[in-house]
Amino acid sequence: MPTIDFGVKYTPSTVHAHTLVETPLPLEDLGIKYVRVQWVDLSSHIHCRVLTLSHFYKLLQSARPGVNIANAALGIVFLNMTEGFYPAGEYLLAIDRSSLRLCGYAPGHASVFGFFEEKVAIGGRLDVPLCPRTNLRRTLKYAEEELNVQFLVGFETEFILLKSTDPLQVVNNYGWSRTAAFGTGTTEAKVLEEIAEALTKSGVELQMFHSEGAPGQYEVITGPLSPLEAADALVHTRETIYNIATKHGLRATLAPRLHLDSCGSGAHTHISIHPTTGTSPPSQIHPSLLTTLEYHFLAGLMAHLPSVIAFTLPLPQSYSRMVDGIWSGGTWACWGLDHREVPVRVANPSLPHARNFEIKSVDGTASPYLALEGLLSAGIIGVRDKLALEVECCAEQSAAQLSVEERAQKGITKRLPLDVDSARRYLLEDQKIGEVIGEDVVKKFVAVNKTLGKAMQPEAENEAVTLARLLETY
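Residues numbered from 1 in each chain as written. Predicted model: local features only at pLDDT ≥ 70, side-chain atom pairs only at ≥ 80, totals over all residues. Heavy atoms only, no water.

A. Looking closely at the packing of helix H3 (residues 187-202) against helix H4 (residues 227-247). Where H3 contacts H4, the two axes come as close as 9 Å, and the packing angle between them is 140°. The angle between H3 and H4 places the two elements in the oblique class. Relative to H4, the crossing made by H3 is right-handed. Along the contact surface, H3 presents Val191, Glu194, Ile195, Ala198, Leu199 and Ser202, while H4 presents His236, Thr237, Thr240, Ile241, Ile244, Ala245 and Lys247. Tallied by class, the residues present in the contact of H3 with H4 amount to seven nonpolar, four polar and two charged. (Axes fitted to C-alpha atoms, helices over the stretch in contact; angles between N-to-C directions. Helix = DSSP H or I, 4+ residues; strand = E, 2+ residues; numbered from the N terminus. Parallel < 35°, antiparallel > 145°, perpendicular 65-115°, else oblique. Left-handed = near helix turned anticlockwise from the far one by under 90°. Contact = heavy atoms within 4.5 Å. Nonpolar A, V, L, I, M, F, W, Y, C, P; charged D, E, K, R; others polar.)

As C-alpha cells, then:
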C-alpha cells in the first residue's frame, strides 16, 4: 500500500529564526561594519538608521539600547503629516537583539528591528500600542496565554523584474515555471541566484523560487516561522529582492498589478495553528479535514476577512489584482481545498502535519506586521468565541461562477471590499476587530492609509505619473 504522506513537518517547537543572536563571534569577525536599525511605518515603508558598529556596541552597553525617533514617524507619508500625528515628542526605538541578522544583500552590514517605546513610562507602561511589532507581539502573547494556541507563518513573495520603468519594459515574457526564464548567464538568472544566496547567508530559509505567470514575474517562497519572526524575515526578503535587482541594473517591484491582461503580484500568506498543550481533536463538522482549532480559526476568517482587507490590500491599486477569474482569490469571502480561486485555500487538507491556510488576498504593499495582526485577530476571534463555520467549502467552481441562489445555499454571502474606501469602512465598523487590535490603532491606521491613498493616486494626476510613483515606492 503506497504511503500518502508527503511534505516537510514544521512545528513551533522545531522552527526558529536563524539570527546572529546565536553566534558567539564578535560582529567584526563576520565582516560587519554597520548596523541598520529598521522599522516599518503604518504605510508599509521600510526605514532605517545606519549605525557604525562602534556606536552600536556603545548602545548595547546602555540601560535601554535604542535610537530616538520622532513620534510622527509612524504617520508621515512622503513628508506629509497625517492628521492626529504631531511634530512634538520622541519615541525610543528599543533594539530587539533577537532580530539581528546579516544583510546578505549588503556586505559589511547587519540589520536589527526594534519596538517603539515611550521614553518615560505612561501609566506604568513603556509600550507604544501604535507600534506594529509591539501590537503583533501582544496579540500573539494573548493567543498563547489565554487561548493556548500558537501559529506558524510562511510567505510567497511575487515580484516583477523591470529593465526600465519609463518606458515600462520587463526582463522577459516567459510564463509560469518556464525554464527559459532562467537562461544560463542571463541577468535575471544571476539576480535570482544571488537573492537565494543572500537570503541563505542572512539565515532566512528559502524553500524555492520560480518564474510566475505575468511577464518578468518571479516568486520566492520562504519557510515558516513564528508570526513576528516571519514578518521580520519578509521585510528582510523584500530588502534583499530590491537591492540585488538594483545591483544588476534592474528594478524589482511588488506592485499589485502592472498588466491588466495578466495576473498580478501577491504576498500569499500561509498560516498554521497549533495547540500549546496536547493536540486539537478533529472538528465535529469536518472531522476528516480540520481540527477543532482550525475549524474555529477558519470561521473567524470567514466572519471578519472583509474587515481586515484594509491591512492586507492597503493601496487603491491593490484592488486591480483582487478580481474574479485570475487566480488571485476572487471577491467573495469563501474557502476551498487546494482551490486557487478562493481567498482562503486549505493547503494539503489531507495532511495534519502540513495543513495550513493560504490567504491569497494579501499583496506586497502591505505591512507584514499589520497584515498578520489583522488576519490572526480575525482567526483568534473565531477560536475565542468558538464561532461556527457557516460557509461551506467551494468545490470546483469559484464563488463568482455560482448563481445567487447557489452562493446562498453555501453560506457565501459576504463580498470582500472592492476598493480601498470600502475596505477602510469595513475595518472601522468591525467592533470585535477593533477590540482585539485596539480602536485607536485602527483609527490611526485608517488616517495614515487615507494619506497614503491620496499620495499614491491623486485625482488630478495622469496614469503614467501614478504608475511611476507606484514603481518607485513598491
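B. Geometry of the pairing of strand E15 (residues 269-275). Of all seven residues that make up E15, six are buried, and the element is covered over most of its length. In terms of strand pairing, strand E10 (residues 149-165) meets E15 through seven bridges, oriented antiparallel. When the sheet's bridge partners are listed, Leu152 is paired in E15 with Ser272. In the sheet, E15 pairs with strand E18 (residues 356-359) via three bridges, with the strands oriented antiparallel. Counted as the bridge partner of Thr269 is Ile359 from E18. (Buried < 20%, exposed > 50% of the residue type's maximum accessible area, 1.4 Å probe, protein only. Pairing = 2+ DSSP bridges.)

C. Main features of the layout of surface pockets. Approximately 390 Å³ is the volume attributed to the second largest pocket. In this structure, the second largest pocket is lined by 16 residues; those nearest its centre are Gln317, Gln457, Glu463, Thr466 and Leu467. Residues of the lining of the second largest pocket, tallied by class, amount to eight nonpolar, five polar and three charged. (1 Å grid on protein atoms, 1.4 Å probe; cavity = no way out; pocket = protein on both sides within 12 Å on 5 of 7 lines; lining within 4 Å. Points joined across faces, edges and corners; volume = space filled by probe spheres on them.)

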